There are 2 protein chains.
Amino acid sequence: MRRITKEEYIETIFALQKDSVKVQTGQIAQRMDVKPPSVTEMLGKLQDEGLVNYEPYIGAELTSKGEKLARELLETHKVISDFLEILGIDKDVAEHDACIIEHHMSRESAQRLKMFVEFIQTAPKDPKWIENFLMYCETGKRECRPED
Amino acid sequence: MRRITKEEYIETIFALQKDSVKVQTGQIAQRMDVKPPSVTEMLGKLQDEGLVNYEPYIGAELTSKGEKLARELLETHKVISDFLEILGIDKDVAEHDACIIEHHMSRESAQRLKMFVEFIQTAPKDPKWIENFLMYCETGKRECRPED
DNA sequence: CCTAATAATTAGGCATACCTAAAAGTGATG
DNA sequence: CATCACTTTTAGGTATGCCTAATTATTAGG
């Protein structure tokens with residue numbers, strides 16, 4: 001049984017708030033593939049921690065604290081999935097892995113990985129070595145440039 | 001509260017078996033920073049899954065199935081920590097993050113990351129772009145070679 | 001305004017991994 | 001062989017997050 005963390009609830013609520021300010025129990029449940037009672041329970045806990053404002057039968061809304069956390073989590077998430085995609089991982093798998101890994105990575109590693117992705121993405125030209133790497137994955141051969 | 005997974009017990013037992021065949025409850029508890037009753041309980045479960053042979057008051061020993069799993073886990077672990085170290089993460093942090101992440105990464109991503117690390121480590125020369133990257137982390141500047 | 005459909009909540013449980021305190025087993029020593 | 005020190009196990013309980021079934025709110029139609 002896959003256990004979803006509080007953080008994932010925060011991220012989901014954040015995403016759903018793009019459509020409407022108040023997010024309903026059912027929406028969250030559906031999106032997270034979880035039953036409504038689990039959501040009700042979690043919203044209570046998130047409320048206790050000051051991450052959401054929750055009114056029974058009405059819906060939930062992130063507090064500014066919750067929103068800040070959501071943005072941080074989403075950034076880490078994006079860094080990881082971008083990285084995995086650069087390595088040539090299937091988009092869905094990258095997405096899935098990022099979801100799970102993001103909550104377990106230290107701030108330090110996340111920060112470093114972020115710089116790495118940034119370094120690659122803002123390279124003057126699409127770096128040759130990525131091409132070489134993907135080639136290496138498929139054929140096992142590497143192009144023999146000395147500075148590779 | 002940090003929740004340790006079954007897999008981490010397997011890895012720990014594997015590591016301790018280098019010193020003696022039978023591994024005792026107390027050794028595992030100490031190494032994992034957990035109390036002995038937790039270990040007893042877990043050994044029972046691992047036994048049920050056919051991963052260890054466990055005799056109360058004597059100790060535990062990995063089955064061949066458990067040992068196979070341990071080797072796989074350790075390989076993934078090493079891939080992740082090597083990668084983080086290449087990015088310039090502190091060894092202890094890399095080690096710690098690898099411990100946690102390894103259990104959450106898909107086989108596909110782990111395999112790809114493995115190839116990536118291998119690609120870097122077996123590069124004809126220590127790749128220039130890693131130096132460039134570490135420089136970029138420290139100074140924010142990148143060396144402007146067109147093929148960067 | 002009452003009812004039926006829909007949605008959410010409460011109540012009561014399960015699984016996992018952890019803990020403390022108490023009981024039991026093991027082994028060395030007098 | 002009895003006792004003490006040490007280790008391990010058992011018993012009972014906590015925290016998370018998830019579930020089903022039953023209850024309660026809300027809302028739309030008649």
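Because the structure is a prediction, the values reported are computed rather than measured. (Residues numbered from 1 in each chain as written. Chains lettered and ligands numbered in written order. Predicted model: local features only at pLDDT ≥ 70, side-chain atom pairs only at ≥ 80, totals over all residues. Heavy atoms only, no water.)

### Some words on the protein's contact with DNA strand D
Phase 1 of the analysis: Taken together, 22 residues sit near DNA strand D, with Arg3(A), Tyr9(A), Ser38(A), Thr40(B) and Tyr54(B) positioned nearest.
Phase 2 of the analysis: Within the backbone of Ile4(A), an N or O atom sits 3.2 Å from a phosphate oxygen of DNA strand D.
Phase 3 of the analysis: The backbone of Lys35(A) places a nitrogen or oxygen atom 3.0 Å from a phosphate oxygen of DNA strand D.
Phase 4 of the analysis: Of all the elements in the fold, those that place two or more residues in the surface near DNA strand D are helix 1 (6–16) and helix 3 (36–48) of chain A together with helix 2 (25–32) and helix 3 (36–48) of chain B.
Phase 5 of the analysis: Per element, the largest residue contribution to the surface near DNA strand D is 5 residues, and it comes from helix 3 of chain A.
Phase 6 of the analysis: In the surface near DNA strand D, the residues fall into 12 nonpolar, 5 polar and 5 charged. (Near = heavy atom within 4 Å. Polar contact = N/O pair within 3.5 Å; in protein donor to acceptor, adjacent residues only side chain to side chain. Helix = DSSP H or I, 4+ residues; strand = E, 2+ residues; numbered from the N terminus. Nonpolar A, V, L, I, M, F, W, Y, C, P; charged D, E, K, R; others polar.)

### Details of the interface of chain B and chain A
Phase 1 of the analysis: With 38 residues of chain B at the interface, the matching set in chain A holds 38 residues.
Phase 2 of the analysis: Taking both sides of the interface into account, the surface hidden between chain B and chain A amounts to around 3800 Å²; carbon and sulfur atoms contribute 66%.
Phase 3 of the analysis: Across the chain B-chain A interface, the total number found is 0 salt bridges.
Phase 4 of the analysis: Those elements giving two or more residues to the side of chain B that touches chain A turn out to be helix 4 (64–86), helix 5 (91–101), helix 6 (107–121) and helix 7 (128–139) of chain B. (Contact = heavy atoms within 4.5 Å. Buried area = accessible area lost by both parts, 1.4 Å probe. Salt bridge = Lys/Arg side-chain N within 4 Å of Asp/Glu carboxyl O.)

### Brief notes about helix 1 of chain A
All names here are of chain A.
Phase 1 of the analysis: The buried count for helix 1 comes to 8 of 11 residues, which makes it a mostly enclosed element.
Phase 2 of the analysis: Here helix 1 has its buried residues at Glu-8, Tyr-9, Ile-10, Glu-11, Thr-12, Ile-13, Phe-14 and Leu-16.
Phase 3 of the analysis: Packed against the buried residues of helix 1 are helix 2 (25–32), helix 3, strand 1 (52–55), strand 2 (59–62), helix 4 (64–86) and helix 5 (91–101). (Buried < 20%, exposed > 50% of the residue type's maximum accessible area, 1.4 Å probe, protein only.)

### Focus on the domain arrangement of chain A
Many structure descriptions define interface size as the accessible area lost when the parts assemble.
Residues and elements named next belong to chain A.
Phase 1 of the analysis: If you check the domain split of chain A, you get domain 1 (6–62) and domain 2 (73–123).
Phase 2 of the analysis: Domain 1 and domain 2 are separated by 25 Å when their C-alpha centres are compared.
Phase 3 of the analysis: Each partner contributes to the interface: domain 1 provides 4 residues, whereas domain 2 provides 6 residues.
Phase 4 of the analysis: Of the roughly 440 Å² buried between domain 1 and domain 2, counting both surfaces, carbon and sulfur atoms make up 66%.
Phase 5 of the analysis: The three residues of domain 1 that bury the most area against domain 2 are Glu-7, Glu-8 and Glu-11, which together make up 84% of that side's buried surface.
Phase 6 of the analysis: Across the domain 1-domain 2 interface, the total number found is 0 salt bridges. (Domains from an automatic or database assignment.)

### Some details on the pattern of salt bridges
Side chains that differ in charge, positive against negative, can pair when their charged atoms come close.
Residue and element names in this part refer to chain A.
Phase 1 of the analysis: According to the stated counting rule, one finds 20 salt bridges over all chains in the structure shown.
Phase 2 of the analysis: Notably, a salt bridge pairs Lys-22 with Glu-55, separated by 3.6 Å at the nearest N-O pair. Within this pair, whereas Lys-22 is found in the loop between helix 1 and helix 2, its partner Glu-55 is found in strand 1, the two being separated by 33 residues in sequence.
Phase 3 of the analysis: Residue class for Lys-22 comes out partly exposed when judged on its relative accessible area of 30%.
Phase 4 of the analysis: Notably, a salt bridge pairs Lys-22 with Glu-61, separated by 3.2 Å at the nearest N-O pair. With Lys-22 in the loop between helix 1 and helix 2 and Glu-61 in strand 2, the pair connects residues that are 39 residues apart, well separated along the chain.
Phase 5 of the analysis: The class of Glu-61 is partly exposed, set by a relative accessible area of 24%.

### Focus: the relation of the copies chain B and chain A
Phase 1 of the analysis: Between chain B and chain A, which share one sequence, the superposing operator has a rotation angle of 180° and an axial displacement of 0.1 Å; the RMSD is 0.1 Å. In symmetry terms, the pair is related by a two-fold rotation axis. Relative to the rotation axis, the closest C-alpha in chain B is found at Ile101(B), a distance of 3.0 Å.
Phase 2 of the analysis: Interface overlap between copies: 100% of the residues of chain B at the interface are likewise at the interface in chain A, consistent with a symmetric, same-surface contact. (Least-squares fit on C-alpha atoms with pLDDT ≥ 70 in both.)

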